[in-house]
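Summary of structural features
Each chain is listed here by its residues.
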Amino acid sequence: MKCPNCNKEVSPEFNVCPWCGYRPKKCSKPEHQDVWLPEEARFCPRCGEPLSGDNNEKDSGRNTARKSGNDDSPNGNLEFDVDGIRFTMIYVEGGSFMMGAQSDDEDDDNYDPDAYDDESPVHEVTLSDYYIGETQVTQELWETIMDDNPSDFEGDDRPVENVSWDDCQAFIRKLNSKLRDQLPRGCRFRLPTEAQWEFAARGGNESIGYKYSGSDDIDDVAWYGDNSNGETHSVMELEPNELEIYDMSGNVWEWCQDWYGDYKRGSQTNPTGPSSGS
């Protein structure tokens, strides 16, 4: 199905085009909502019912999501505003890549002399389109949603730390509740899978093949032991990677949705990780 505004392929369950931000007119009957209609349409061509959907210039409330970019460079990013705190979800076009790393063969895929044993075997992964945060979750966003700040190194623009996987799940449940009316249909916030995280960290389909996320020089893109003075730093202070995502190689460790466990050999599509682990 194509968006009537930008003519790009879209999934019928979305209620916002990821390319141009268009909010389509739809019939109120669920069985007819697989058709996107242009702004000038007023009635469903199948049943004659009035169409739902406000015009695309209206603001839908205090907690809003909107498309960034323009028709010349459609990137599909979504910007959210939660009680005055803004954050961006970066659109990642799906694709295939070699996941993992190995230190045995310089001529083979993803050779890295510093690779850990649990990064093998290298294997092909294919992912569908998805969104991922432009930055690590900041303390001001966490505190807005959770009403507390567990971080040792305090600062509104610094990433939240001292949070467990379960803490993150509680944060995500509250974030989904607060923004449930602003998300594209069928979409919810969650942690990325490890495969999604790694594909985004490598630069997705725009990857140049850097050693670190966005550069071969770690100081360009990462806060780490030698330059951080032993503390976290504000997000977006260093350079982003090829997808304009920040701090994927440093600042704080980041949780993924799936269990920690051994990699499987062979090609995989949209893997969700091992069924058990730690």
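First things first, this report covers the structure right here in the doc. (Residues numbered from 1 in each chain as written. Predicted model: local features only at pLDDT ≥ 70, side-chain atom pairs only at ≥ 80, totals over all residues. Heavy atoms only, no water.)

1. Focus: the packing of helix α1 (residues 139-146) against helix α2 (residues 165-178)
Their axes nearest at 9 Å, the elements α1 and α2 cross at an angle of 75°. With respect to α2, the axis of α1 lies roughly perpendicular. Counted together, Leu141, Trp142, Ile145 and Met146 of α1 and Asp167, Cys168, Ala170, Phe171, Lys174, Leu175 and Lys178 of α2 form the full contact between these two elements. The residue makeup of the contact of α1 with α2, split by class, is eight nonpolar, no polar and three charged. (Axes fitted to C-alpha atoms, helices over the stretch in contact; angles between N-to-C directions. Helix = DSSP H or I, 4+ residues; strand = E, 2+ residues; numbered from the N terminus. Parallel < 35°, antiparallel > 145°, perpendicular 65-115°, else oblique. Contact = heavy atoms within 4.5 Å. Nonpolar A, V, L, I, M, F, W, Y, C, P; charged D, E, K, R; others polar.)

2. Topic: the sheet that holds strand β6 (residues 95-99)
Overall, mixed pairing links the three strands, which are arranged β6-β7-β9 in an open sheet. Both outer strands of the open sheet, β6 and β9 (268-269), are each paired with one neighbouring strand and no more. Taken together, the two bridges between strand β7 (residues 123-127) and β9 define a ladder with parallel strand orientation. Across the sheet, threonine 126 pairs through a bridge with threonine 269, a residue of β9. The sheet contacts of helix α3 (residues 194-201) involve β6 and β7, and relative to β6 the element is tilted by about 95°. (Pairing = 2+ DSSP bridges.)

3. Some remarks on α3
An α-helix turns once per 3.6 residues; consequently, residues spaced three or four apart project the same way. Taken across its eight residues, α3 has six buried, putting it largely inside the fold. For α3, every residue scored as buried is listed here: Ala195, Gln196, Glu198, Phe199, Ala200 and Ala201. Those residues of α3 that are buried are in contact with β5 (85-92), β6, β7 and β8 (130-133). Two residues or fewer past α3, glycine 203 is found with a positive phi of approximately 100°. (Buried < 20%, exposed > 50% of the residue type's maximum accessible area, 1.4 Å probe, protein only.)

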